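What the coordinates show
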Amino acid sequence: MIGLALRSLRFHKGGFIASFIALFFGASIVIACGGLLETGVRGLAAPQRYGAAPIVVTGDQHYPGSNKVFQERVGLDAADVQKVAAVPGVKAAVPDVSLPVTLLRDGGKGGVPATGHGWASASLGPYRVAEGAPSVAAGHVALDSRLAAKAGLHVGDRVSLGMRGAARPYEVASLVNGPGDSATVFLPDADATRAAPQSGEVDAIGVMTEPGADDEQVRAEVAQALKGAQVSVLSGDKRGRAEFPEVVTHGKNLVSMSAVFGGMAAMVTVFVVASTLGLSIQQRQRQMALLRAIGSTPGQVRRMILAETFIVAVFATALACVPGPRLGEWLLGRFVDAQVVPDVMMYRSGFVPLIAGAGAALVTAVGAAWIAARGAARTRPTEALAEAAVQRRWLNWIRALAALLCLAGGAVLALVTMQMDGAKAGSTATPAAMLWAIGFGLLGPGLTKAVTAVLQWPLRAVTGFAGHLALLNAKARAIRMAGAVMPVMLATGMATALIYLQTTQSVGAEEAFKDNLRADVVLTSATGGISPSVMEWVDKQPGVTATAAYVPSSGFLEPSKAEMADYDGKGRAPKGTPVQINGISPKGIERTTAVRVVSGSLAGLKADTVALPESSAKGHKLGERIPMRLGDGTRVEPELVATVGEQRGYGAALMPSELIADHTTKGGVPQILVAAAPGTDTAALAARLTGPGAPVPGLRAAERASLISSQVKQNDTQTWVAYLLVAMVIGYAVIALVNTLVMATSERRREFTLQRLVGATRAQVMRMMTVEALLIALAGTALGMLIAVATLVPLSSAVLDRAMPAGPPSILITVIASALVLTLGATLLATRIALRTRPSAAIGSRD
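The structure contained in this document is the topic of the report that follows. In this text the structure is predicted, and so the values were computed from the model without any measurement.

Considering the nonpolar core
Ranked by size, the top nonpolar core spans 95 residues in total, and within it Leu23, Val268, Leu490 and Met494 carry the most contacts. Take this core: its biggest share by element is 15 residues, from helix α18 (residues 478-516). Among all residues touching Leu490, those that are not within four sequence positions of it are Val268, Phe271, Val272, Ala437, Ala495 and Ala733.

Here we look at the pattern of salt bridges
Applying the stated criterion to the full structure yields 14 salt bridges. The residue Arg49 makes a salt bridge to Asp96 at a minimum N-O spacing of 2.9 Å. In this pair, Arg49 is assigned in the loop between α2 (13-42) and β1 (55-59) and Asp96 in strand β3 (residues 90-96), connecting sequence segments 47 residues apart. Exposure class is identical for Arg49 and Asp96. Each is buried. Ionic contacts of the salt-bridge type, sharing partners, join the residues Glu558, Arg629 and Arg635 into one network.

Focus: the packing of helix α16 (residues 426-442) against helix α17 (residues 444-476)
Axes are the key here: two packed helices are described by the angle between their axes and the distance separating the axes. Put simply, α16 and α17 touch, their axes get as near as 5 Å, and they point 80° apart. Judged on the interaxial angle alone, α17 and α16 are roughly perpendicular. Within the contact between the two elements, α16 uses Phe440, Gly441 and Leu442 and α17 uses Gly444, Pro445 and Leu447. Split by residue class, the contact of α16 with α17 holds four nonpolar, two polar and no charged.

Notes on unusual backbone geometry
Cis geometry marks the peptide bond from Gly125 to Pro126; its omega dihedral reads -5°. On the secondary structure map, Pro126 appears in the loop between β5 (110-118) and β6 (128-132). Even without being a glycine, Ala607 presents a positive backbone phi close to 55°. Relative to the helices and strands, Ala607 is located in the loop between β17 (597-600) and β18 (609-613).

Some thoughts on the packing of aromatic side chains
Aromatic ring pairs are reported here in terms of the distance separating the ring centres and the angle at which the planes meet. As enumerated under the stated definition, the model contains eight aromatic pairs in all. Ring centres 6.4 Å apart and planes at 0° place the aromatic pair Phe20 and Phe24 in the stacked group. With a gap of four residues between them, Phe20 and Phe24 both fall in helix α2, about one helical turn apart. Measuring from ring centre to ring centre gives 5.7 Å for Trp119 and Phe186, while their planes differ by 90°; the resulting arrangement is edge-to-face. Pair noted here: Trp119 is in the loop between β5 and β6 and Phe186 is in strand β10 (residues 184-187), with a separation of 67 residues, a long-range link. According to the relative accessible area criterion, Trp119 is buried, its value standing at 17%. In this structure Phe186 comes out as buried when scored by relative accessible area, which is 0%. Grouped by ring-pair contacts, the aromatic residues Phe20, Phe24 and Phe25 constitute a single cluster. Over the face of the ring belonging to Tyr63 we find Arg629, whose NZ or CZ atom lies 5.6 Å from the ring centre.

Some points on the sheet that holds strand β12 (residues 204-209)
The sheet built from four strands is open, its strands ordered β3-β12-β1-β13 with antiparallel pairing. Each having just a single partner strand, β3 and β13 (231-235) make up the two edges of the open sheet. In this sheet, neighbouring strand axes are inclined to one another by 20° on average, regardless of whether the strands run parallel or antiparallel. The pairing of β3 with β12 spans six bridges and is classified as antiparallel. What sits directly across from Asp96, in β12, is Ala204. In the packing of helix α6 (residues 215-225) onto the sheet, contacts are made with β1, β3, β12 and β13, and the angle to β13 comes to roughly 175°.

Re α16
Because each turn of an α-helix spans 3.6 residues, side chains separated by three or four positions end up pointing in the same direction. In this model α16 runs 25 Å from its N-terminal to its C-terminal C-alpha over 17 residues, within 8% of the 24 Å that 1.5 Å per residue would give. Among the 17 residues of α16, 12 are classified as buried, and the element is accordingly described as predominantly covered. All of the buried residues along α16 are Gly426, Thr428, Ala429, Thr430, Ala432, Ala433, Met434, Trp436, Ala437, Gly439, Phe440 and Gly441.

A look at the side chain of Ser554
With respect to the element layout, Ser554 can be found in strand β15 (residues 544-557). Taking relative accessible area as the criterion, Ser554 reaches 17% and is therefore assigned buried. Not counting chain neighbours up to four residues away, the residues in contact with Ser554 comprise Gln71, Val579, Gln580, Ile581, Leu630 and Gly631.

About the thresholds
- Numbering of residues starts from 1 in each chain and follows the order in which that chain's sequence is written.
- Given that this is a predicted model, residues contribute local features only at a pLDDT of at least 70 and side-chain atom pairs are listed and counted only at 80 or more, while totals for whole chains, interfaces and linings are drawn from all residues.
- Side-chain measures here rest on the full set of heavy atoms in the structure, leaving out hydrogens and waters.
- We call a set of buried Ala, Val, Leu, Ile, Met, Phe, Trp, Tyr and Cys residues a nonpolar core when their side-chain atoms join them within 4.5 Å.
- Type-normalised accessible area, obtained with a 1.4 Å probe on protein chains alone, sets the label of each residue: buried when under 20%, exposed when over 50%, and partly exposed for intermediate values.
- The helix count covers DSSP runs of H or I at least four residues long, the strand count covers runs of E at least two residues long, and both are numbered beginning at the N terminus.
- Two residues form a contact once any of their heavy atoms are found within 4.5 Å.
- Note on definitions: salt bridges are taken to be side-chain nitrogens of Lys or Arg within 4 Å of carboxyl oxygens of Asp or Glu.
- Only C-alpha atoms enter the line fits that serve as axes; for helices the fit covers just the stretch in contact. Angles between N-to-C directions range over 0 to 180 degrees.
- Orientation is classified from the angle alone, with under 35 degrees giving roughly parallel, over 145 giving roughly antiparallel, 65 to 115 giving roughly perpendicular, and any other angle giving oblique.
- Polar here means any residue other than Ala, Val, Leu, Ile, Met, Phe, Trp, Tyr, Cys and Pro, which are nonpolar, and Asp, Glu, Lys and Arg, which are charged; Gly is therefore polar.
- Side-chain rings of Phe, Tyr and Trp (the six-membered ring for Trp) are treated as a pair once their centres are within 6.5 Å; stacked means planes under 30 degrees apart, edge-to-face means over 60, and tilted covers the remaining angles.
- Two conditions define a charge located above a ring, namely a distance within 6 Å from the ring centre to NZ of Lys or CZ of Arg, and an angle within 35 degrees of the ring normal.
- Two strands qualify as a pair provided DSSP detects at least 2 bridges between them.
- Expected helix span is taken as 1.5 Å per residue step, with the number of steps being one fewer than the number of residues.

Given below as structure tokens:
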């Protein structure tokens, strides 16, 4: 049977080349997304400043028992340094803290951002003194030589360092050379400890082992010594997580994006491959009929088709294993350029993505071939030729049940999307679009007939006799017509749904930001934070009516005691729910933001208290203690003093700014929101607040319009990454569209020849095919728009509280015009090539 399959490939090159292309591109995209997924899951970065330490201890960024992560850096208790040092085989346990510093110049108006560390941690690099003193004494600092060159500093120069909202003078004692980031400043250990964002904590502990010690054994003993604490004991490339925790926190973005779009690419691959193989086998119905008529058994026909498909699939997927990983690495580079993931993240694509991508393509191909062969093989010999001449059967109970389940699933997800928070609605809208597309695809012939029936009268009226012939062909070849319509539906539907999904979510986030920000001026500082005394000074300035501290962060709402009491130990235990947390000062927050109190009062928001959004406060009463974890993993149980309204799910829990600031990576209050009196010139106010009379150097001010513009730019950058992945999936769908149309048109060479023999001219055949292509484009676009509407209306209702999605009409026009141009171009080009063959030669070659 393998030999017969190999010989048959020679006579059906077009269909198998089309299948090869569909499998190759589909497997390549799935392998690329699989590589990105593995990269995000591994979360590796090559150690730089910790390169000399074989073991590094740091806080575990993962929420216990979950793949969710804490967005702020999880610190270590300073007492853990002594515990680690006492472990046998440990030569030295070197603590390290990281703090934001700024080399100030021009009176604080400008500066060079850097990261400060204690001098003792320089041995973890290791760093080598290139010029100046071999150590750092009180009042002195050591600068990375690259940073010194950038700032124009030399040994002996005086420099002001902005730290924790204040500027402190130092003398440059030495310049050092070392690995990693050039923006490194080494302070006296006492100063670094005093200025660290969290007192009593260190960021990491570098473990230097005794000569001859087994590093892996020491690592296990260190982990045992710290058992019960939320720590990670790392070695090898995993040490980079301690130095760059963002590979864990931001790496989860890569996991979610690659999983969503990898799943989408796999779905499109299944759809495209099944459609392409199905159309290829439909074109061979006459051959199958003859095989059955001369005595071939159903099993023999099935095995031949499966063998042919398997041979093509093996070659296509094997070849896809070459560009797939490289495509994934290229995509990671684009994510780095967009600052979605850190540039230190190491790309890792092992055998798992290769097996998954190639396996998915192989299973899809063989499954599609088995389904297509099943119908041909089960045809009785006496009916075979009739079935080949006119295809009538397309729906069976399995296909009908699968279509019903997909459409029901899409409807359920649409209802869920309408009830979800706007910021999360896309997580259900995307799989809903997939289910709608699959459901419509399974019902393709029936839907194509219905759309054709609607379009036949206007087309016939406009196109005359050519339209009449095209419509007769469409009725007689409904199943093959559907094979051409479905790729158009997939490309237009997914393109419209996914692009407008991104624009709608982007506009929703932008509107929420605009509506929430009522401040006229926002103050920040180049010195790493703003002290309470600065806010008091700002509050007294002319033209200022209200000020409020603002510290953005995130955390988790823990399961309540009642939920934990009800848990019977079976199944998954209740886990925390992610929640945005904003640290604020109650005075002035209602004037500078759109916070709306529903119950309770923000006046009591101090010490260990919290105000929750209405949706998060369900089931809780004022005065109740709310179990929470802050952004750095710290457990707290603040008292619920108020509930606040929220805008389509973009709300946040409110807590005292001084509490949240102590549990952020940088520490301190990063922003002060300022509301100006009516009629006040905000530009003049901003200049006055940051001018020579400011209490500290380094204050910066931004007006509301500038902040909104910055937020829009940030949203556009994030959305661009999604567009890249969407473009990749849509591009594959477009390739499949052209692929299928060319294949569907090329196999009609015999039909065109017969028309030529009975007197039709080439121009008449071209006009007929133009109408058919137009019919395919219109039918596919109409069905695609149904998918888009079913996806976008629920999403828009959740995000924008209206049925119409956000985005320029040019997107829709471009999608429809592209579908029309591609369909007409592919169909007419294939027709023109087919018409080049002389009628006598064409008949002889086929019969």
